[in-house]
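Residue-level structural notes
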Amino acid sequence: MILGVDPKIDYAFRKLFASQGNSVLLIDLLNAVLKPALDRRIVSVEILTPLNEKDIETDKETILDIKARDQAGRQYNVEMEMWPTATLPARLLYYWAVLHASQLTVGDDYEKLQPTISICFVNGTLFPQVSDFHLDFQLRSSRHPELVFIRQQAVHLVELPKFVKEVHELVDPFDAWCYFLKYGESLDPDNLATAFTKVAVPKASEVLKMLKQSEIEFHRYQSQLKAGRDRVAQMKDAREEGRAEGRAEGELIGRIHQAQGILKQALTPRVELLALGRGALEAMAATLEAELTRRVST
């Protein structure tokens, strides 16, 4: 039976990776993305922002990202951005900075700081100029990119629309997780391909299968799905209104420039006209056209 639950929706994503009982899923995901050396692999994590079902029931659950710390003290900020906006990079950097700074209190030595790594799966494309779906950002020299300023900082961006591998092309756990996040809703948890059995995807499928069978949890999932779709619709409406407003202002500027040309006046620069606002443009166009009418009639 098809799963029918999209793991990219916030409640489902946090159910998978922010539940204390599912820490094995978060560990598996982190190791898949980061591919650390054997002696640096993550073997245990403390979830610092666990999913709180009681807060969700009372509409107090507003945490979107997942914060965790591994056995070596390294910190992780993990999230799924279903509907990304242009401000996402700034927000990711801010979240990273806040989490990294939280390691120290007054009087602590900087040597206490451990690496802080942000991982964001994005259901969109922020960098269309490159085909890579996994982008790793670090502080590096612009003239000598091989020089990393400090290895305590990294931001991993995984743009899922760019991930186009078929099941038979999956080569490692990271591929398997990306495929699951992108297409998990249409998978059959009882008939998963061999590529998924090498990672914790089968367990993740069972978690979402149980979510769907719970009336309360599936209602929470559907509520977030609807809220997200409503948000997208509102953003689309706002863009259309902006385009319409822009077309109206463009027409007014065209009328102003036409009238000024006929009246042999210097054309007001477009940038100056745009700064006036629609009301002032309408008044200016009306005044110029009235002057034209007066001259024609005399």
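Above this text sits the structure in question.
Here we summarise the structure given alongside this text.

Notes on helix α2 (residues 23-34)
The end-to-end C-alpha distance of α2, which contains 12 residues, comes to 17 Å, matching closely the 16 Å that a straight helix rising 1.5 Å per residue would cover. Lys-35, located one to two residues past α2, shows a positive phi value of around 50°.

Let's talk about unusual backbone geometry
Of note in this structure, Lys-35 is not a glycine but carries a positive phi near 50°. Position of Lys-35 relative to the elements: it lies in the loop between α2 and β1 (45-47). Residue Lys-35 is classed as partly exposed on the basis of its relative accessible area of 47%.

Observations concerning the pairing of strand β6 (residues 153-159)
Of all 7 residues making up β6, 7 are buried, and the element is well covered by its neighbours. Side chains Gln-153, Val-155, Leu-157 and Glu-159 project from β6 onto one buried face, and the interleaved Ala-154, His-156 and Val-158 project onto a second face that is buried too. The pairing of strand β4 (residues 116-122) with β6 spans 7 bridges and is classified as parallel. By the bridge assignment for β6, Ser-118 is matched with Val-155. Two strands pair when backbone bridges link them, and strand β5 (residues 134-137) and β6 are joined in this way by 4 bridges, in the antiparallel orientation. Looking at the pairing, Phe-137 lines up with Val-155 of β6.

A look at the packing of helix α1 (residues 10-17) against helix α7 (residues 201-213)
At their nearest, the axes of α1 and α7 sit 10 Å apart, and the two run at 130° to each other. Classified by the angle their axes make, α1 and α7 are oblique. Between α1 and α7 lies a crossing of right-handed hand. Residues Tyr-11, Ala-12, Lys-15 and Leu-16 of α1 form the contact with α7, whose own contacting residues are Ala-204, Val-207, Leu-208 and Leu-211. Across the contact of α1 with α7, the residue classes tally to 7 nonpolar, no polar and 1 charged.

Details of the environment of Pro-7
With respect to the helices, strands and loops of the structure, Pro-7 is situated in the segment before α1. Residue classification places Pro-7 among the buried residues on the basis of a relative accessible area of 0%. Between the C-alpha atom of Pro-7 and that of Gln-152, which follows or precedes it by 145 residues, the distance is 29 Å. Excluding residues that lie within four positions of it along the chain, Pro-7 makes contacts with Ala-12, Phe-13, Leu-16, Phe-180, Leu-181, Gly-184, Glu-185 and Leu-208.

What counts and what doesn't
Residues numbered from 1 in each chain as written. Predicted model: local features only at pLDDT ≥ 70, side-chain atom pairs only at ≥ 80, totals over all residues. Heavy atoms only, no water. Helix = DSSP H or I, 4+ residues; strand = E, 2+ residues; numbered from the N terminus. Expected span 1.5 Å × (residues − 1). Buried < 20%, exposed > 50% of the residue type's maximum accessible area, 1.4 Å probe, protein only. Pairing = 2+ DSSP bridges. Axes fitted to C-alpha atoms, helices over the stretch in contact; angles between N-to-C directions. Parallel < 35°, antiparallel > 145°, perpendicular 65-115°, else oblique. Left-handed = near helix turned anticlockwise from the far one by under 90°. Contact = heavy atoms within 4.5 Å. Nonpolar A, V, L, I, M, F, W, Y, C, P; charged D, E, K, R; others polar.

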